[in-house]
Amino acid sequence: MVVGAIASYLVYQLSELGWRKLWTSLPTTPAFYILLVLMYVTLPVTEAVIYGKAWEVSSRKLLPVLFRKRVLNNDVLGYSGEAYFFLWMQRNSQIERRRLLTTIKDNMIISSVASTSVAFLLLAAFFLSGQVQLLEQYLPDATSTLAAAVAIIIVVVAVGLAFRRAIFSLSASLLGVFALGHLARFVFNNGFQVTQWALVIPEVPLGTWITLLSLYIIINQVPLIPARGLFFVTASVELAGTLEVPAAAVASMLLAQNLIDRGLNFLVYIGTTAAEATGSEPTPDDETAIPEEIR
């Protein structure tokens, strides 16, 4: 119901802009699509390195299932990918069940804390600079939002330090690797995102794209928002006039990004599933699939 309402309003917005204008505004620079692919692979590659180190298995062998995990989380249900990944590892490796569960759980917590902390800090920076007023129509009261953000960060850090041994199961060194990996991923991904937008519409000031990025990050951190991609496109088109950005170009760019992401999800899921069904996809316990020297 909610997804249908968002989609209907987006169709109305795009019709107002003009479908022909949207088509002619589609990104033509190849760098847009290269950066899109880079953003697509960042999470699976980061997690392959993290889990490979934690379990002492080949990171390359984990990549196919981690790509499927990304698809399930994005297009099916949040955290359904983690459940699938756990069951796949249990079936295809000799790692004990408890170790699989605790590692996946710790990774989820670290990833969430890293992304949420950066999102709240970015919101705080925008509040202090006064630019948060541009986002107020999509956020609760700015002052209460900032206060809540700071309070949550303090509580999370305090609880994490006080109850680290109760909350986390891995060693401090491994948790540090997880945190650095996710922070690096977050920085690179959002840097790629701003660069992508700036390349498509170079006349727009960088600060404007940072504002749009803030909206994107905040939407992704708010729980229970259905169809986040469509919601972000709708909000961005609505905000385009305030930001003095060409609405048709922004709409075409973001729609292209969403459609290509969905297309990649379909191709990746079908391709990796078919490879697994035919036995050509390597598994963590398949020592013959990848030579030892490149593991």
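Residues numbered from 1 in each chain as written. Predicted model: local features only at pLDDT ≥ 70, side-chain atom pairs only at ≥ 80, totals over all residues. Heavy atoms only, no water.

### Quick word on the overall build of the protein
Then comes step 1: The helix and strand inventory of the protein stands at twelve helices and zero strands.
Then comes step 2: Along the protein, from the amino end to the carboxyl end, the secondary structure elements read α-α-α-α-α-α-α-α-α-α-α-α.
Then comes step 3: Taking all 295 residues of the protein together, the buried fraction comes to 44%.
Then comes step 4: Sequence-distant contacts in the protein: of pairs separated by 6 or more residues, those separated by 24 or more amount to 71%.
Then comes step 5: For the protein, the exposed area adds up to about 15200 Å²; of that, 67% sits on carbon and sulfur atoms. (Helix = DSSP H or I, 4+ residues; strand = E, 2+ residues; numbered from the N terminus. Buried < 20%, exposed > 50% of the residue type's maximum accessible area, 1.4 Å probe, protein only. Contact = heavy atoms within 4.5 Å. Areas by Shrake-Rupley, 256 points an atom, 1.4 Å probe, with all protein chains shown as cover.)

### A word on the packing of helix α3 (residues 30–55) against helix α9 (residues 172–200)
Then comes step 1: Two elements in contact, α3 and α9, have axes separated by 9 Å at closest approach and are oriented at 175 degrees. Between α3 and α9, the interaxial angle falls into the category roughly antiparallel.
Then comes step 2: The residue makeup of the contact of α3 with α9, split by class, is 15 nonpolar, eight polar and three charged. (Axes fitted to C-alpha atoms, helices over the stretch in contact; angles between N-to-C directions. Parallel < 35°, antiparallel > 145°, perpendicular 65-115°, else oblique. Nonpolar A, V, L, I, M, F, W, Y, C, P; charged D, E, K, R; others polar.)

### Points about the side chain of R185
Then comes step 1: The residue R185 is located in helix α9 in this model.
Then comes step 2: Of the polar contacts made by the side chain of R185, one reaches the side chain of S111; its length is 3.3 Å.
Then comes step 3: Excluding its chain neighbours within four sequence positions, the residues that come into contact with R185 are T42, L43, T46 and S111. (Polar contact = N/O pair within 3.5 Å; in protein donor to acceptor, adjacent residues only side chain to side chain.)

### Some words on a nonpolar patch on the surface
Then comes step 1: The grouping of F266, L267 and I270 at the surface amounts to a nonpolar patch, some 340 Å² of accessible area in total.
Then comes step 2: Within the secondary structure, L267 is located in helix α12 (residues 247–278).
Then comes step 3: With relative accessibility at 58%, the residue L267 sits in the exposed group. (Patch = residues over 30% accessible without salt bridge, like charges linked within 9 Å, V, L, I, M, F, W, Y side chains within 5 Å. Salt bridge = Lys/Arg side-chain N within 4 Å of Asp/Glu carboxyl O.)

### Overview of the nonpolar core
Across soluble globular proteins, nonpolar side chains have a tendency to be buried as a group.
Then comes step 1: Counting 28 residues, the largest nonpolar core has W197, I201, W209, F232, V245 and M253 as the members making the most contacts within it.
Then comes step 2: Among the secondary structure elements, those contributing two or more residues to this core are α3, α9, α10 (206–221), α11 (228–243) and α12.
Then comes step 3: For this core, the element with the highest residue contribution is α12, accounting for seven residues.
Then comes step 4: Beyond its immediate stretch of four places on either side in the chain, V245 contacts I201, V204, T208, W209, A240 and V250.
Then comes step 5: Among the nonpolar cores identified, the runner-up in size contains 22 residues, and I50, Y51, A54 and I110 belong to it. (Core = buried A, V, L, I, M, F, W, Y, C linked by side-chain atoms within 4.5 Å.)

### Observations concerning the packing of aromatic side chains
The geometry of two aromatic rings is summed up by the distance between their centres and the angle between their planes.
Then comes step 1: As enumerated under the stated definition, the model contains nine aromatic pairs in all.
Then comes step 2: On the basis of an interplanar angle of 20 degrees and a centroid distance of 4.8 Å, the ring pair of Y51 and W55 is categorised as stacked. With Y51 and W55 both in helix α3, this residue pair falls four residues apart, about one helical turn.
Then comes step 3: Judged by relative accessible area, which is 3%, W55 ranks as buried. (Phe/Tyr/Trp six-rings, centres within 6.5 Å; stacked < 30°, edge-to-face > 60°.)

### A short note on unusual backbone geometry
Then comes step 1: If you check the backbone angles, E56 has positive phi at about 55 degrees while not being a glycine.
Then comes step 2: Looking at where E56 falls in the secondary structure, it is placed in the loop between α3 and α4 (59–75).

### Some details on the pattern of salt bridges
Pairing of side chains with opposite charge becomes possible as their charged atoms draw close.
Then comes step 1: For the coordinates displayed, the defined rule picks out seven salt bridges.
Then comes step 2: Taking the shortest distance from any N to any O, the salt bridge between K105 and D106 comes out at 2.9 Å.
Then comes step 3: Given the relative accessible area of 0%, D106 is considered buried.

### Considering the environment of L230
Then comes step 1: Mapping L230 onto the fold places it in helix α11.
Then comes step 2: Along the primary structure L230 and N258 are separated by 28 residues, whereas in three dimensions their C-alpha atoms are 8.0 Å apart.

### Side note on the confidence of the model for the protein
Then comes step 1: On average, residues of the protein score 76 in pLDDT, and 69% of them reach the 70 mark or higher.
Then comes step 2: By mean pLDDT, helix α7 (residues 142–162) is the weakest element of the protein at 52, and α3 is the strongest at 94.
Then comes step 3: Low pLDDT (under 50) marks residues 288–295, which in the prediction has eleven contacts with non-local residues, meaning those over four places away or in another chain. (pLDDT = per-residue confidence, 0-100.)

### A short note on the packing of α3 against α12
Then comes step 1: Direction vectors running N to C along α3 and α12 enclose 50 degrees, while the axes themselves pass 11 Å from each other. Comparing the axis directions of α3 and α12 gives the class oblique. As for the relative orientation of α3 and α12, their crossing is right-handed in sense. On α12, the residues touching F32, Y33, L36, M39 and Y40 of α3 are M253, A256, Q257, I260, D261, L264, N265 and V268.
Then comes step 2: The residue makeup of the contact of α3 with α12, split by class, is ten nonpolar, two polar and one charged. (Left-handed = near helix turned anticlockwise from the far one by under 90°.)

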